[in-house]
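# Chain and residue survey
Chain residues, written in single-letter form:
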Amino acid sequence: MLTDKAQVVVIGGGATGTGILRDLALRGISGILVEQGDLAHGTSSRFHGLLHSGGRYAVKDKDAARECIEENLILRRIAPNCIELTGGIFIQLPEDDPEYTKRWISSCAEAGIDCEETDVQQLIKVNPVLSPDIIRLLKSRMLPLMDLGFSGAMLIQPPLRG
Ligand SMILES: Cc1cc2nc3c(=O)[nH]c(=O)nc-3n(C[C@H](O)[C@H](O)[C@H](O)COP(=O)(O)OP(=O)(O)OC[C@H]3O[C@@H](n4cnc5c(N)ncnc54)[C@H](O)[C@@H]3O)c2cc1C
């Protein structure tokens, strides 16, 4: 039902706005969402679907890596229907510094991002598109895919219905 009385007005129905509206509702704060187009009308309908693990920040920005993995785990808990646990792989090619891979593994462990060494040849057999030049291959279960219905799903969760 439309109402002109709300404690908070959220402008924009993308991932940020819908997430904020959900959070407000869970805290018992009334909110109204104003969107110029449709839900996920902007950037949120164009994203690649990667739910970042924080792995890409693990070496250079530990705080960002930790924040990523914490948010990753929250989203997996509150919107499991939007998330496919595909996992992700990180590779070392001949031109990459092997010391960086070592630092990356220890930084991931510090940030709480799981990764395990996987047999390169075995994975190339299953995924023949992978480069035969790969030297090391690390698999993480924490790099799943999120579907484009995420913004809508934020608004139809049980606490928000009715
Ligand atoms: C090509 C691409 C790929 C990406 N891939 C990934 C990825 O794989 N993983 C990842 O985590 N992130 C990814 N991102 C980033 C991610 O998509 C954005 O960070 C996220 O969608 C931003 O959401 P938002 O709600 O802040 O903005 P938006 O989705 O842009 O939402 C803003 C909304 O506000 C509305 N609006 C604006 N002004 C007004 C107004 N005056 N009145 C009413 N409504 C208004 C717009 O219509 C829009 O719907 C990607 C981004 C791009 C461009």
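One can find the structure itself at the top, above this paragraph.
Residues numbered from 1 in each chain as written. Predicted model: local features only at pLDDT ≥ 70, side-chain atom pairs only at ≥ 80, totals over all residues.

### Describing the nonpolar core
Within soluble globular proteins, side chains that are nonpolar tend to cluster in buried spots. Among the nonpolar cores identified, the biggest contains twelve residues, and these are Y57, A58, A65, C68, I69, W104, C108, A111, I113, C115, M142 and L143. Elements supplying a minimum of two residues to this core: α2 (62-78) and α3 (98-111). Leave out the neighbours within four places in its chain, and C115 touches F90, I105, C108, L138, K139 and S140. (Core = buried A, V, L, I, M, F, W, Y, C linked by C-beta atoms within 7 Å. Buried ≥ 20, exposed ≤ 12 C-beta atoms within 10 Å, placed from the backbone. Helix = DSSP H or I, 4+ residues; strand = E, 2+ residues; numbered from the N terminus. Contact = placed C-beta atoms within 7 Å.)

### Section: the site of the ligand
As a structural note, the neighbourhood of the ligand is formed by 21 residues, with G12, G14, G42, S44 and F47 the closest of them. Considering each element in turn, the shell around the ligand owes the most residues, three residues, to helix α1 (residues 15-26). Split into classes, the residues belonging to the shell around the ligand amount to five nonpolar, 14 polar and two charged. (Near = placed C-beta within 6 Å. Nonpolar A, V, L, I, M, F, W, Y, C, P; charged D, E, K, R; others polar.)

### Quick word on the sheet that holds strand β5 (residues 116-117)
The three strands are arranged β4-β6-β5 in an open sheet whose pairing can be described as antiparallel. Each edge of the sheet is formed by a strand with only one pairing partner; in this case those strands are β4 (88-92) and β5. As defined by bridge partners, β5 adjoins strand β6 (residues 136-140) across two bridges and the pair is classed as antiparallel. Directly across from E117, in β6, lies its bridge partner L138. (Pairing = 2+ DSSP bridges.)

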